[in-house]
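Examining the three-dimensional arrangement
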Amino acid sequence: MLARKSIIPEEFALPGLVSRIHRKPVFRDKINKARFIAKSGSCNLAHKNIREQGRFLQDVFTTLVDLKWRFTLVIFTMTFLCSWLLFAMVWWLVAFGHGDLETTRKGDIQQCVTNVKSFTSAFLFSIEVQVTIGFGHRMITEQCPTAIAVLIFQNIAGLIINAIMLGCIFMKTAQSHRRAETLIFSRNAVIAVRNNRLCFMTRVGDLRKSMIIGAAVRLQVVRKTTTPEGEVIPIHQIDVQTDSAAASNSIFLLAPLIICHTIDKDSPLYDLSAMELQCSDLEVIVILEGVVETTGITTQARTSYITDEIQWGHRFVPIVTEEDGVYSVDYSKFGNTVKVATPRCSARELDEKPSILIQTLQKSELSHQNSLRKRNSMRRNNSMRKGGGNSGSMRRNNSALAIPKVQFFTPETLAQNVAIT
């Protein structure tokens with residue numbers, strides 16, 4: 001049995017009408033993803049369910065240095081107090097065992113430690129021995145070999161405690177991230193055309209006059225990816241090459257520099273347009289590391305840029321000028337940017353269709369000429385309103401400011417002009 005034809009023509013049916021409706025491109029909503037590296041350089045990472053806590057005690061010195069200052073000061077104070085109390089107890093036991101604490105003791109029998117008659121006096125003597133104060137009122141005698149052995153052991157233990165605690169305090173005050181406080185990054189990164197290629201750029205600077213020796217910059221793109229086998233990698237780190245050096249990425253950080261990454265076919269940003277970049281959840285991490293010139297300690301400064309902090313079609317303003325034979329840096333404009341003509345397409349589309357860049361630059365040039373025409377017309381109107389004896393001179397000046405007209409010839413019109421002449 002043949003199918004019955006519909007009374008309504010197919011082109012006016014609902015599927016046909018829907019297929020002809022112009023649909024706007026749909027972009028997925030941006031996911032508010034937590035950033036991996038904060039703007040200050042700290043890692044936004046929490047360690048949970050660590051079963052082997054004893055591994056931290058195997059490296060006590062690093063654990064003490066990593067603690068916060070309030071915990072370090074508490075441990076510093078309690079360590080000395082506990083050691084003084086422990087050896088005070090030992091000295092009290094030595095005096096008790098030798099019979100120095102007895103009130104019926106004969107005066108001709110010499111004590112192990114003179115004038116140690118209570119736990120308080122034993123505590124004071126412990127502090128004098130370990131801190132090497134030596135007030136002279138309490139002293140050890142040669143009548144007790146046990147006391148001599150305790151004196152030697154307490155001196156050795158006191159030196160070890162002093163070395164560990166003072167070394168910990170010194171390392172906390174001279175930590176490398178303190179130097180990184182004067183290494184600054186621009187608040188935003190930019191993407192613009194440089195040397196006819198789309199480039200990702202950020203600016204770094206050093207506020208101190210002492211230099212960073214062997215400074216190197218690394219870029220990484222962190223994003224969530226899924227492998228062809230279905231494995232989800234929540235933090236996939238992709239190294240990005242900069243244009244400073246082919247191998248080491250070394251820079252000479254004497255003045256603020258613009259770190260540039262050319263978006264080529266090997267870049268993770270190669271397939272992203274301006275709209276797709278805003279909808280993506282990637283994060284660009286910038287790492288600057290080097291050796292501090294004054295201390296010789298290796299330091300590292302970090303920051304990151306999420307998609308909201310990447311400005312498409314902007315360029316950093318110059319901040320280094322020459323004044324009276326000296327180069328001057330204006331840090332008030334460190335993060336300032338200006339808009340420039342930049343294609344909104346991806347780097348892949350720009351490589352496949354180089355005419356897009358030419359058209360963008362032509363549109364920018366036309367808009368610049370239009371703005372100049374408007375400016376000149378405004379000046380001409382202002383001069384005509386003033387009137388008076390200066391009107392003729394102002395007209396001559398305005399005519400000089402007029403933009404010359406450019407006439408384009410085709411081969412046919414050019415041949416006709418030659419024939420007429």
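In short, a report on the structure. If you're wondering where the values come from, they're calculated on a predicted model, not measured in any experiment.

The phi angle at Asn195 is positive, at roughly 55°, despite the residue not being glycine. Looking at where Asn195 falls in the secondary structure, it is placed in the loop between strand 2 (189-194) and strand 3 (197-206). Asn195 gets classed as exposed once you look at its relative accessible area, which sits at 69%. Of note, the phi angle at Asp324 is positive, near 55°, even though the residue is not glycine. In this structure, Asp324 sits in the loop between strand 11 (320-323) and strand 12 (326-329).

The next thing to look at is the nonpolar core. Across soluble globular proteins, nonpolar side chains show a tendency to be buried alongside one another. The biggest cluster of nonpolar side chains holds 37 residues, and the ones touching the most others in it are Ile191, Leu198, Phe200, Leu288 and Ile310. At five residues, strand 4 (residues 212-226) tops the list of elements feeding residues into this core. When neighbours within four sequence positions are excluded, Leu288 is seen to be in contact with Leu183, Phe185, Ala215, Ala216, Val217, Ile251, Leu253, Thr299, Gln300 and Ala301. Val94, Val113, Val150 and Ala157 belong to the second largest nonpolar core, which has 14 residues in total.

What follows is about the packing of aromatic side chains. For the structure on display, the rule yields six aromatic pairs. Arranged with centres 6.0 Å apart and planes meeting at 45°, the rings of Phe80 and Trp84 form a pair that is tilted. Remark: Trp84 and Phe80 occur in helix 4 (residues 69-98); sequence separation between them is four residues, near one turn of the helix. Accessibility expressed as a relative area gives 18% for Trp84, which makes it buried.

Another aspect to go through is helix 5 (residues 119-131). Since the α-helix advances by 3.6 residues per turn, residues separated by three or four positions end up pointing in the same direction. Its 13 residues place the ends of helix 5 18 Å apart at the C-alpha level, agreeing with the 18 Å of an ideal helix rising 1.5 Å per residue. Every buried residue of helix 5 is listed here: Ser121, Ala122, Phe125, Ser126, Ile127, Glu128, Val129 and Gln130. Buried positions along helix 5 lie against helix 4 and helix 6 (145-173). Note on helix 5: the residue one or two positions beyond its end, Thr132, has a positive phi of about 55°.

Conventions and cut-offs
- Residues numbered from 1 in each chain as written.
- Predicted model: local features only at pLDDT ≥ 70, side-chain atom pairs only at ≥ 80, totals over all residues.
- Heavy atoms only, no water.
- Helix = DSSP H or I, 4+ residues; strand = E, 2+ residues; numbered from the N terminus.
- Buried < 20%, exposed > 50% of the residue type's maximum accessible area, 1.4 Å probe, protein only.
- Core = buried A, V, L, I, M, F, W, Y, C linked by side-chain atoms within 4.5 Å.
- Contact = heavy atoms within 4.5 Å.
- Phe/Tyr/Trp six-rings, centres within 6.5 Å; stacked < 30°, edge-to-face > 60°.
- Expected span 1.5 Å × (residues − 1).

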